[in-house]
Amino acid sequence: MSSIILTTLNARYIHSSMGLRYLFANMGELQSNTTLLEFTIDHRPIDIVETLLMDNLGVTHAVINTSETNTSTPQQQKHGNTKPDIIGFGVYIWNVEKTTEVITLIKSISPETIIVIGGPEVSYEPMKQTVVALADYVISGSADLSFRRLCEKIWAGERPLNKMITSPTVPLASISLPYRYYSDQDIANRVLYVEASRGCPFKCEFCLSALDKTAWPFELKLFLEEMALLYKRGARHFKFVDRTFNLKIESSVKILEFFLQRLSDDLFLHFELIPDHLPDQLKAIIEKFPLGSLQFEIGIQSFNTDVQKHISRKQNTDKAIQNLQWLRTKTNAYLHTDLIIGLPGEDIASFAQGFNMLAKLKPHEIQIGILKRLRGTPIIRHSETFKIKYNTYPPYNVLCSDRIDFKTMQQLSRFARYWDIIANSGRFTESLPLLLGNSPFEHFFQLSNWLYHRTRQTHRLALPRLFELLYTGLVECLQIKPQHAADALWLDYQKTKLKSHPSFITTKSPIKKQSQALTRNRADKRQSRHRQPPPAT
């Protein structure tokens with residue numbers, strides 16, 4: 001029996017591929033011959049290839065059960081001793097290098113296997129990529145229906161002559177939704193990605209969504225019916241990938257009301273919000289959600305209005321600040337905010353000013369990203385004007401510009417990494433005020449440079465060692481009194497599961513485990529460390 005495999009390499013096991021499930025949901029009569037397999041970038045390419053081709057060894061592999069009576073349990077189905085006819089790969093910035101290795105091996109072992117690739121990494125500037133040269137077909141754009149149509153032609157003996165296939169825009173109503181193809185194992189152990197809309201009306205030039213003409217909503221009644229089925233099956237962690245969840249307030253409110261009616265101790269919702277658009281109608285329902293149930297990802301990117309103009313970003317900064325203040329002080333929402341280093345026209349002084357402004361608002365996390373030149377994005381038009389140089393290898397990060405030289409950009413990259421493992425981790429809530437003082441960027445940048453000079457590491461810093469380093473850094477680098485540093489770090493240390501005493505604590509008193517906020521599910525451990533009621537005003 002002929003067979004088709006849909007596969008991708010996720011960044012982590014906890015991630016699940018919504019894109020593959022869309023393709024599977026829309027395979028029509030070919031669905032019974034289609035297998036969905038997910039790996040991670042930690043798997044060895046040779047092992048991935050063995051699994052993909054294992055039918056040749058007479059071994060079974062997981063197939064999603066498509067029966068009407070049970071659409072949630074993975075089954076074991078044998079396809080005999082034939083290798084797959086077609087393998088479709090989802091290619092992204094985080095897996096393109098490993099995927100290239102996998103396809104190279106497949107073509108060496110089984111050159112007759114037809115390789116189809118798609119995804120944002122190969123939808124733009126495809127001819128410059130090795131993975132494209134290796135593939136038999138490349139589908140650009142949304143392949144929800146295009147992949148099935150290509151497979152039908154191949155099986156009918158009508159193989160397209162053109163390697164490059166451009167997917168036309170299709171009405172969302174014509175696409176079958178993928179959510180029933182999240183398995184029970186997915187629901188129990190992984191993040192479930194969902195979308196109530198596609199596209200984005202804004203034109204931020206660093207983002208692929210800048211190429212969209214507008215945002216298109218799915219039919220809300222049908223979408224909520226699918227969410228109800230997921231919830232009934234036990235799903236409690238929903239990550240919405242809509243670029244502009246609060247664009248259409250009426251729909252936003254209905255979605256939040258839907259979940260509010262199903263509120264439970266383990267419900268956790270993630271949304272991306274536009275920072276300057278928070279009408280009273282939306283505020284009223286956000287206020288109703290308890291601690292630990294809502295997370296908002298809010299892209300600020302830059303507070304510099306000139307930089308915003310360079311990248312075609314429309315943002316009312318004053319309104320954005322007011323909304324962040326309201327969210328932080330009047331609601332229980334967890335705030336994950338974003339800033340970008342290396343935008344056209346932004347120097348280190350401008351970034352520092354924006355960082356300090358955002359830190360003053362006390363969001364739970366400030367995610368610091370390094371500008372990347374994603375294939376197809378309009379940001380490339382500034383390269384000559386601002387002398388911006390990008391890494392030619394994934395993740396295509398900016399290396400330098402006329403405003404920030406390479407050495408400083410490297411320092412800022414380490415700043416971002418250390419900020420994530422120290423401030424964003426939620427492990428140092430008591431000692432962070434000492435680390436930041438009245439000048440958050442300046443103090444942490446100084447500490448960051450000191451940490452790297454001392455360790456030459458940005459990864460694999462064991463937690464006990466990190467505590468010791470921060471004590472020494474507070475005292476030696478930031479001139480904090482030893483007792484003040486030790487007292488603050490000791491409060492943080494006692495919240496961990498570490499059993500040994502740090503060297504900066506001279507008394508060997510028993511470690512007292514302080515009470516911590518409820519961890520609502522496995523996916524929000526970091527959030528639970530930050531969790532506390534809104535600060536008093």
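Look up: the structure comes first, before these words.
Every chain's residues receive numbers from 1 upward, in the order its sequence appears when written. It should be noted that, the model being predicted, local features are given only for residues of pLDDT at least 70 and side-chain atom pairs only at 80 or more, the latter also being counted only at that level, while totals for whole chains, interfaces and linings use all residues. Values shown for side chains rest on all heavy atoms present in the structure; no hydrogens or waters enter the calculation.

K.L.:
How would you sum up the environment of Ser-252? Please name residues and give values.
P.N.:
Helix numbers and strand numbers start at the N terminus; a helix is a DSSP run of H or I with at least 4 residues, a strand a run of E with at least 2. Relative to the helices and strands, Ser-252 resides in helix 8 (residues 249-260). Judged by its relative accessible area of 1%, Ser-252 is buried. Between the C-alpha atom of Ser-252 and that of Ile-285, which follows or precedes it by 33 residues, the distance is 9.8 Å. Dropping the residues within four chain positions of it, Ser-252 is found in contact with Phe-245, Asn-246, Leu-247 and Leu-282. Accessible area is worked out with a 1.4 Å probe on protein chains only. A residue is then buried under 20% of its type maximum, exposed over 50%, and partly exposed in between. Whether two residues are in contact is decided by their heavy atoms: any pair within 4.5 Å suffices.

K.L.:
So what about the side chain of Arg-148? Which residues, and what values?
P.N.:
With respect to the helices and strands, Arg-148 occurs in helix 5 (residues 146-155). In the analysis that follows, any N or O atom pair within 3.5 Å is treated as a polar contact, provided that within protein one partner can donate a hydrogen and the other can accept it, and provided that, for residues neighboring in sequence, both atoms belong to side chains. From its side chain, Arg-148 meets the backbone oxygen of Asn-26 in a polar contact 3.2 Å long. In this structure Arg-148 touches Asn-26, Met-27, Gly-28 and Leu-30, once residues within four positions along its chain are discounted.

K.L.:
Could you give me a rundown of the sheet that holds strand 5 (residues 86-90), with the residues and numbers involved?
P.N.:
With parallel pairing, six strands are arranged side by side in an open sheet as 2-1-5-6-7-8. With partners counted over all chains shown, the strands left at the sheet margins are strand 2 (34-40) and strand 8 (164-166), one partner each. For this sheet, the mean inter-axis angle between neighbouring strands, taken without regard to orientation, is 20 degrees. Any two strands with at least two DSSP-identified bridges between them are counted as paired. Relative to strand 6 (residues 114-118), strand 5 runs parallel, the two sharing five bridges. When the sheet's bridge partners are listed, Phe-89 is paired in strand 6 with Ile-117. Axis definition: a line fitted to C-alpha atoms, over the contacting stretch in the case of helices. Angles run 0 to 180 degrees between N-to-C directions. Against the sheet, helix 1 (residues 18-25) touches strand 1 (4-10) and strand 2, its axis set at about 175 degrees to strand 2. Its contacts with the sheet place helix 2 (residues 45-52) against strand 1, strand 2 and strand 5, and it is angled at close to 165 degrees to strand 2.

K.L.:
Go over the sheet that holds strand 13 (residues 268-273), please, and point to the residues and values.
P.N.:
Paired through their backbone hydrogen bonds, the strands of a sheet run either parallel or antiparallel. The strand order 9-12-13-14-15-16 describes an open sheet built from six strands, whose pairing is parallel. The open sheet has two edge strands with one neighbour each: strand 9 (192-194) and strand 16 (365-370). Adjacent strand axes in the sheet meet at a mean angle of 25 degrees when their direction is disregarded. Of the pairings in the sheet, the one linking strand 13 to strand 14 (residues 294-301) comprises five bridges and is parallel in character. Bridge pairing in strand 14 links Leu-269 to Leu-294. Strands in contact with helix 13 (residues 406-424) are strand 15 (334-341) and strand 16; relative to strand 16, the strand with the most contacts, it is inclined by about 155 degrees.

K.L.:
So, the packing of helix 7 (residues 220-232) against helix 8: which residues are in play, and what are the values?
P.N.:
At a closest axis distance of 11 Å, the pairing of helix 7 and helix 8 adopts a crossing angle of 25 degrees. One way to sum up the angle between helix 7 and helix 8 is to call them roughly parallel. The crossing of helix 7 and helix 8 is right-handed. Taking contact as the criterion, the partners of Leu-220, Phe-223, Leu-224, Met-227 and Ala-228 in helix 7 are, on helix 8, Ser-251, Lys-254, Ile-255, Phe-258 and Phe-259. For the contact of helix 7 with helix 8, the residue count by class is eight nonpolar, one polar and one charged. Oblique is the label for any angle not covered by the other classes, which are roughly parallel (under 35 degrees), roughly antiparallel (over 145) and roughly perpendicular (65 to 115). If you view the pair so one helix is near and one far, a crossing is left-handed when the near helix is turned anticlockwise from the far one by less than a right angle, and right-handed when it is turned clockwise. Residue classes follow a fixed rule: Ala, Val, Leu, Ile, Met, Phe, Trp, Tyr, Cys and Pro count as nonpolar, while Asp, Glu, Lys and Arg count as charged, and any other residue, Gly among them, counts as polar.

K.L.:
Give a detailed account of helix 1, specifying residues and quantitative values.
P.N.:
Within helix 1, seven of the eight residues are buried, which leaves the element mostly enclosed by the surrounding structure. Of all the positions in helix 1, only Met-18, Leu-20, Arg-21, Tyr-22, Leu-23, Phe-24 and Ala-25 are classed as buried.

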